[in-house]
Amino acid sequence: MKAEKIWLDGQFVPWQEAQVHVLTHALHYGSSIFEGIRAYETAAGGVAVFRLQEHVDRLFASAAIFRMEIPFSKEEISAAIVETVRVNKLKGCYIRPLVFRGGEGVGLNPLRAPVRVVVIAIPFGAYLGEEGLQRGVRARVSSYNRIHVNTSSTKAKIGGNYVNSILASMEVAGDGYDEAILLDTNGYVAEGPGENIFWARNGTVYTTPLPTILEGITRSSILTICAHLGYPTRETYTTRDELYISDEVWFCGTAAEITPIREIDRITIGKGQAGPIVKALQDKFFAIAAGKEAAFDHWLTHV
Ligand code: PPE
């Protein structure tokens, strides 16, 4: 799981020296923003970061929403991400840029606490298991609703937002499920704890509209790939019962990639296995990530 070096506030430090004070503001109050990015080994034997620009743009968008000034430019952060993969000699990996309020004081107002930045890269496999990626996972609708748009900001990847995700994850894991599905406060399907959600019925691919969810980069990639493969798409609110009777349902995210859902609330989805649309999307997605699709090479930053 370890890598050799971590980029901390502008320089590389050995893994075990990347430490913070116990009064770090973010440790107490969740006052951080972060990204999750993957790099993939390419067919040519190199490594490429997937949609780096979009992730860095979203990091800065999260910072703007959370009133944090990142003490580095977008170019510097992008270079730090690529360098972190390079210096650790990583192939396929998961990259976690984190911007957090530091300091050594107590008090909610974060504006006195310094903004610190770290970039970590670690080897990483299938988020919901290799079997989940192939066969599909079992999900349950959580009793926790996705945070309301006026409770926090779902557009920002704020550390504290993830308490909501963690509560839902622990709840469903305790009941033996692989992953949670969260409804919004109006009762419509929102997303997973760390994934967006798609469903397909009669050949049309659906996903939830943006207002109550994180603007997922994998979600956007899938919408583009659907257009490329000729699947019609629609962004619409839906209910849990429509998921039950869909032909296919899947999660997507940087960590989860494209993971089929084979069962929801003990109801089998479709044939209870990865369906044809999700398989076609996975094939295309992994081919693009491996640099085998010239038309999508602009999504890759070669390390
Ligand atoms: N919704 C949420 C709430 C979310 O956290 C993620 C990413 C997504 C949707 C998908 O977004 P994107 O990665 O841009 O396609 N979740 C990250 C954190 C997972 C974790 O366990 O940590 C991720 O997938 O990297």
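The model shown is predicted, which means the values in this text are computed figures rather than measured ones.

### Describing the overall build of the protein
Reasoning step 1: Secondary structure assignment for the protein yields eight helices and 17 strands.
Reasoning step 2: Whereas a compact globule of 303 residues would reach a radius of gyration of roughly 19 Å, the protein reaches 19 Å, a difference of no more than 12%.
Reasoning step 3: Residues classed as buried in the protein amount to 53% of the 303 residues present.
Reasoning step 4: Residue pairs in contact within the protein that sit at least 24 positions apart in sequence constitute 70% of those at least 6 positions apart.
Reasoning step 5: With the model as given, the accessible surface of the protein reaches about 13500 Å², and the carbon-plus-sulfur share is 52%.
Reasoning step 6: Averaged over its 30 positive side-chain charges, the protein has a centre that lies 1 Å from the centre of its 33 negative ones.

### A short note on the site of the ligand
Reasoning step 1: Close to the ligand lie 21 residues; Y94, Y127, Y162, T218 and T254 are nearest.
Reasoning step 2: Take R96: an N or O atom from its side chain is 2.9 Å from an oxygen atom of the ligand.
Reasoning step 3: Contacts to the ligand include G194, whose backbone N or O atom sits 3.2 Å from a nitrogen atom.
Reasoning step 4: Summarising the interface, the protein chains cover 92% of the accessible area of the ligand, which totals 550 Å² for the free molecule.
Reasoning step 5: Where the shell around the ligand is concerned, the elements lending two or more residues are β6 (93–101), α6 (217–229) and β14 (248–253).
Reasoning step 6: Class assignment for the residues of the shell around the ligand results in eight nonpolar, seven polar and six charged.

### Topic: a nonpolar patch on the surface
Reasoning step 1: Taken together, the side chains of Y144, V163, I166, L167 and M170 make up a nonpolar region of the molecular surface, amounting to roughly 440 Å² of accessible area.
Reasoning step 2: Relative to the helices and strands, L167 resides in helix α5 (residues 162–174).

### Considering the environment of A79
Reasoning step 1: Residue placement: A79 occurs in helix α3 (residues 74–87).
Reasoning step 2: Remark: the alpha-carbon pair of A79 and V303, spanning 224 residues in sequence, is separated by 9.9 Å.

### Here we look at the pattern of salt bridges
Reasoning step 1: Applying the stated criterion across every chain yields a total of 14 salt bridges.
Reasoning step 2: E83 is paired through a salt bridge with R86; the nearest N and O atoms lie 2.7 Å apart. With E83 and R86 both in helix α3, this residue pair falls three residues apart, about one helical turn.
Reasoning step 3: What makes E83 partly exposed here is its relative accessible area of 28%.
Reasoning step 4: By sharing partners, the salt bridges in this structure join R140, E171 and D175 into a single network.

### Some points on the packing of α6 against helix α8 (residues 276–289)
Reasoning step 1: Close contact between α6 and α8 brings their axes to 10 Å; oriented N to C, the two are set at 110°. Considering the angle they form, α6 stands roughly perpendicular to α8. Each of T218, I222, I225, C226, H228 and L229 in α6 lies in contact with α8, whose residues at this interface are A280, L281, K284, F285 and I288.
Reasoning step 2: When grouped by side-chain class, the residues that make up the contact of α6 with α8 number eight nonpolar, two polar and one charged.

### A look at the pairing of strand β4 (residues 37–41)
Reasoning step 1: Burial of β4 is extensive: four of the five residues sit out of reach of the surface.
Reasoning step 2: Inspection of the sheet shows β4 paired to β6 by three bridges, in the antiparallel sense. Bridge pairing in β6 places I37 opposite I95.
Reasoning step 3: Here three bridges tie β4 to strand β5 (residues 47–50), and the two strands are oriented antiparallel to one another. Bridged to Y40 within β5 is A48.
Reasoning step 4: Linking β4 to β5, which pair antiparallel, is a turn of five residues; within it G45 sits at a positive phi near 95°.

Cut-offs and rules
- Sequence order as written defines residue numbering, which begins from 1 separately in each chain.
- The predicted origin of the model limits local features to residues at a pLDDT of at least 70 and limits the giving and counting of side-chain atom pairs to 80 or more, whereas totals for whole chains, interfaces and linings rest on all residues.
- For side-chain calculations, the full set of non-hydrogen atoms in the structure is used, while hydrogens and water are omitted.
- Think of it this way: any DSSP run of H or I at least four residues long counts as a helix, any run of E at least two long counts as a strand, and we number them from the N terminus.
- The reference for a compact globule is 2.2 Å times residues^0.38; the radius of gyration itself is calculated from the C-alpha atoms.
- Using a 1.4 Å probe on the protein chains alone, a residue whose accessible area is under 20% of its type maximum counts as buried, one over 50% counts as exposed, and one in between counts as partly exposed.
- Throughout, a contact is declared for two residues whenever any of their heavy atoms are within 4.5 Å.
- All accessible areas in this document rest on Shrake-Rupley with a 1.4 Å probe, and a residue is counted as covered only by the protein chains that are shown.
- The charged-residue count follows a simple rule in which Lys and Arg add positive charge and Asp and Glu add negative charge, with His and chain termini not counted at all.
- To locate a charge, take atom NZ for lysine, CZ for arginine, CG for aspartate or CD for glutamate.
- Throughout this document, a residue counts as near a molecule or strand when at least one of its heavy atoms sits within 4 Å of that molecule or strand.
- Think of a polar contact as two N or O atoms within 3.5 Å of one another; within protein, one of them needs to be a possible hydrogen donor and the other a possible acceptor, and neighboring residues in sequence only count if both atoms come from side chains.
- For this classification, the nonpolar set comprises Ala, Val, Leu, Ile, Met, Phe, Trp, Tyr, Cys and Pro, the charged set comprises Asp, Glu, Lys and Arg, and every other residue, Gly included, is treated as polar.
- Surface patches are drawn from residues lacking salt bridges whose relative accessible area is over 30%; two like charges belong together within 9 Å, two nonpolar side chains (Val, Leu, Ile, Met, Phe, Trp, Tyr) within 5 Å.
- Salt-bridge detection follows one rule: a side-chain nitrogen of Lys or Arg within 4 Å of a carboxyl oxygen of Asp or Glu.
- For helices, the fitted line uses only the C-alpha atoms of the stretch in contact; every axis is such a line through C-alpha atoms, and the angle between N-to-C directions lies from 0 to 180 degrees.
- By definition in this entry, angles of less than 35 degrees are roughly parallel, angles greater than 145 are roughly antiparallel, angles of 65 to 115 are roughly perpendicular, and the rest are oblique.
- At least two DSSP bridges between two strands are needed for those strands to be called paired.

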